[in-house]
Amino acid sequence: MSSIVAIVGRPNVGKSTFFNRLIQRREAIVDSVSGVTRDRHYGKTDWNGRNFSVIDTGGYVVGSEDVFEAEIDKQVELAIEEADAIVFMVDVETGITPMDEDVANLLRRVNKPVFLAVNKVDNSKRLENAVEFYSLGLGEYYPIASTNGSGTGELLDALVEALPEDTREEEAELPRFAVVGRPNAGKSSFINALIGEDRYIVTDIAGTTRDSIDTRYNRFGFEFNLVDTAGIRRKSKVKEDLEFYSVMRSVRAIEHCDVCLIVMDATRGFDGQVQNIFWLAQRNRKGIVILVNKWDLVDKETNTMKEYEQQIRQEMEPFTDVPIVFMSVLTKQRIFKAIETAVEVYQNRSKKIKTSELNEVMLPIIEAYPPPAYKGKYVKIKFCTQLPTPQPQFAFFCNLPQYVKDPYKRFIENKLRKEFNFTGVPVSVYFRKK
Ligand code: GDP
Ligand code: GDP
């Protein structure tokens with residue numbers, strides 16, 4: 001898993017400018033905490049071939065000076081707790097402020113790599129002035145200008161050098177199942193229930209970073225890694241921070257898994273946050289299983305489960321071919337069914353269909369239901385093949401790929417699902433010129 005780098009410092013020193021330079025057009029996740037702090041940003045980047053995540057911890061506060069200082073302290077505390085390396089940014093234009101000294105005091109005691117970035121060093125005069133920042137007692141500093149990027153290369157060279165080794169590649173290539181969901185959905189109870197009862201457990205591997213724990217698991221003849229995002233509890237007193245970091249952990253777990261087990265609380269429903277996680281998993285083209293937990297708490301009548309399921313499927317549109325398991329970790333109802341289902345989804349995702357078989361099945365369907373003529377032209381699909389990607393992607397070769405529209409692509413996707421079973425797995429269909 002990639003490491004986390006946090007950027008801390010008081011407002012206006014240039015943290016978000018630096019962050020934006022690192023992330024560029026890549027997507028950043030913005031976490032708006034209403035009223036109290038300004039947006040926090042989280043994004044991924046790479047330097048010298050090393051991937052890492054960056055947090056701009058924000059920290060702009062409207063309110064009195066005390067609130068303001070408390071906020072900065074909290075920001076730094078969180079960075080110390082969560083990050084693998086810290087960039088402490090100061091501003092040569094203003095020089096050292098008391099708040100910079102406070103932050104330096106906190107950071108001097110930290111047992112993690114800290115990089116002092118003296119920003120806004122746009123000219124040689126400022127380069128000279130930067131020397132005063134030695135007195136913060138943090139050792140060497142990096143003069144940079146975030147607006148034009150000067151000096152940032154040296155800083156990033158040193159930074160990635162200090163990051164812990166990326167150990168993911170060394171791990172055996174076991175399927176990875178990530179257990180994700182909102183806090184309190186029952187993720188840790190679920191994992192404890194599985195592990196507690198299981199004699200086949202092989203080892204506990206401490207996560208490569210502190211934000212997840214991998215447990216090697218062996219059952220039903222399947223071996224996989226369970227990625228637990230809930231296993232580590234934060235001491236943080238602040239609820240919204242907990243929530244933010246829990247989202248961040250989920251994002252990372254999703255990016256590094258094969259199948260996402262999305263645990264939701266039946267009493268809360270498929271709400272906005274669950275939908276976000278679902279959408280993220282889908283966009284990352286991961287296998288998905290929805291686990292509706294705490295089913296014991298729901299009053300049931302004849303059709304309760306069916307209706308509940310229909311409601312969820314409505315929210316999932318257009319990707320509705322996803323298994324939904326109603327379970328209760330408390331009563332142990334269907335918890336192994338959940339795992340069996342995840343294994344099935346994993347198999348669906350790794351399925352490779354022979355070109356001959358694929359054409360045998362799909363060409364007659366296409367012949368019976370050809371793409372509609374477009375501007376008086378007919379699309380002729382000649383053959384199809386599955387691409388050698390980790391997740392199912394299919395290419396259909398034809399004369400006029402640009403005339404094949406989305407409804408027909410969906411039609412083909414649905415036929416593929418029906419004929420070959422890709423339940424729980426996003427499938428891509430491409431039309432290419434031949
Ligand atoms: P943050 O509050 O720490 O995130 O700071 P911002 O990134 O919003 O930057 C605050 C101000 O400093 C903005 O007006 C930036 O344009 C300016 N700024 C950022 N980096 C530089 C720099 O390298 N040189 C100069 N001259 N200004 C900068
Ligand atoms: P996490 O934050 O997602 O890891 O959630 P936890 O595993 O800590 O569970 C949150 C709370 O929900 C705990 O009090 C659990 O005992 C409770 N809980 C978990 N699963 C169930 C369930 O199936 N039924 C009921 N009634 N409570 C559950």
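Residues in contact with ligand 1 amount to 14 residues; listed here are only the nearest, Gly 14, Lys 15, Ser 16, Thr 17 and Ala 145. Here the shell around ligand 1 takes three residues from helix 1 (residues 15-23), the largest share from any one element. Partitioning the shell around ligand 1 into residue classes produces three nonpolar, eight polar and three charged.

If you walk across this open sheet you meet the three strands as 15-16-17, and the pairing is mixed. The sheet is open, and its two edges are formed by strand 15 (381-386) and strand 17 (428-433), each paired on a single side. Mean inter-strand twist for the sheet, computed between neighbouring axes without regard to direction, equals 25°. In this structure, strand 16 (residues 393-398) lies alongside strand 17, joined through six bridges in parallel fashion. Paired with Cys 398 across the strands is Lys 433, a residue of strand 17.

Take the pairing of strand 13 (residues 287-293) next. Summarising burial for strand 13: seven of the seven residues are buried, a large majority. One ladder, built from seven bridges, connects strand 12 (residues 259-265) with strand 13; its direction is parallel. For Ile 262, the partnering residue across the bridge sits in strand 13 and is Ile 290. Tracing the backbone out of strand 12, into helix 8 (residues 272-283) and back to the parallel element strand 13 gives a crossover that is right-handed. Pairing between strand 13 and strand 14 (residues 324-326): three bridges, direction parallel. Looking at strand 14, one finds that Ile 290 is bridged to Ile 324. At this point the chain moves from strand 13, through helix 9 (residues 304-316), to the parallel strand 14, and the crossover so formed is right-handed.

As a further point, take helix 8. The terminal C-alpha atoms of helix 8 lie 16 Å apart, and with 12 residues this matches the ideal 16 Å at 1.5 Å per residue to within 8%. In the stretch just after helix 8, Arg 285 is the one whose phi turns positive, near 55°.

Examined bridge by bridge, strand 15 and strand 16 share five bridges and lie antiparallel to one another. If you follow Phe 383 over to strand 16, its bridge partner there is Phe 397. Linking strand 15 to strand 16, which pair antiparallel, is a turn of six residues.

We now examine the confidence of the model for the chain. Of all residues in the chain, 82% have pLDDT values of 70 or greater, and the mean over the chain is 83. Between residues 30-37, whose pLDDT stays under 50, and residues either more than four places distant or in other chains, the model counts 13 contacts. Contacts for the low-pLDDT stretch residues 231-237, under 50 throughout, to residues beyond four places or in other chains number 10 contacts. Both scores are available for the predicted complex, with the pTM at 0.62 and the ipTM at 0.60.

Below, the discussion takes up the environment of Gln 311. Relative to the helices and strands, Gln 311 resides in helix 9. Judged by the 12 C-beta atoms lying within 10 Å of it, Gln 311 is exposed. In this structure the C-alpha to C-alpha distance between Gln 311 and Phe 270, which are 41 residues apart in sequence, comes to 8.5 Å.

Attention now goes to the environment of Pro 390. Along the polypeptide, Pro 390 turns up in the loop between strand 15 and strand 16. We classify Pro 390 as exposed; it has 9 C-beta atoms within 10 Å. For the pair Pro 390 and Lys 352, spaced 38 residues apart in sequence, the C-alpha to C-alpha distance is 9.5 Å.

With that settled, consider the nonpolar core. Judged by nonpolar contacts, the single largest core of 111 residues is most densely connected at Phe 88, Leu 116, Val 118, Leu 261, Ile 262, Val 289 and Leu 291. Here this core gets seven residues from one element, more than from any other, and that element is helix 10 (residues 335-350). Sequence-distant contacts of Phe 88, defined by excluding residues within four places in its chain, comprise Val 8, Gly 9, Val 103, Leu 107, Val 114, Phe 115, Leu 116 and Ala 117.

Time to look at the environment of Ile 195. Along the chain, the position of Ile 195 falls in helix 6 (residues 187-196). A tally of 15 C-beta atoms within 10 Å means that Ile 195 is categorised as partly exposed. Separated by 20 residues in the primary sequence, Ile 195 and Thr 215 have C-alpha atoms spaced 8.7 Å apart.

Buried within helix 1 we find Lys 15, Phe 18, Phe 19 and Leu 22. Along helix 1, the residues classed as buried sweep out an arc of 100° about the axis, all on the same side.

Of note, the amide linkage connecting Glu 317 to Pro 318 takes the cis form, showing an omega dihedral of 5°. The backbone of Asn 48 shows a phi angle near 50°, a positive value even though the residue is not glycine. Note that Asn 48 resides in the loop between strand 3 (40-47) and strand 4 (50-56). Here Lys 120, not a glycine, exhibits a phi torsion of approximately 70°, which is positive. Looking at the secondary structure, you find Lys 120 in the loop between strand 6 (114-119) and helix 4 (124-129). Judged by the 21 C-beta atoms lying within 10 Å of it, Lys 120 falls in the buried class.

The rules behind each value
Residues numbered from 1 in each chain as written. Chains lettered and ligands numbered in written order. Predicted model: local features only at pLDDT ≥ 70, side-chain atom pairs only at ≥ 80, totals over all residues. Near = placed C-beta within 6 Å. Helix = DSSP H or I, 4+ residues; strand = E, 2+ residues; numbered from the N terminus. Nonpolar A, V, L, I, M, F, W, Y, C, P; charged D, E, K, R; others polar. Pairing = 2+ DSSP bridges. Axes fitted to C-alpha atoms, helices over the stretch in contact; angles between N-to-C directions. Buried ≥ 20, exposed ≤ 12 C-beta atoms within 10 Å, placed from the backbone. Right-handed = clockwise from strand over helix to strand, strands pointing away. Expected span 1.5 Å × (residues − 1). pLDDT = per-residue confidence, 0-100. Contact = placed C-beta atoms within 7 Å. Core = buried A, V, L, I, M, F, W, Y, C linked by C-beta atoms within 7 Å. Arc of directions from axis to C-beta.

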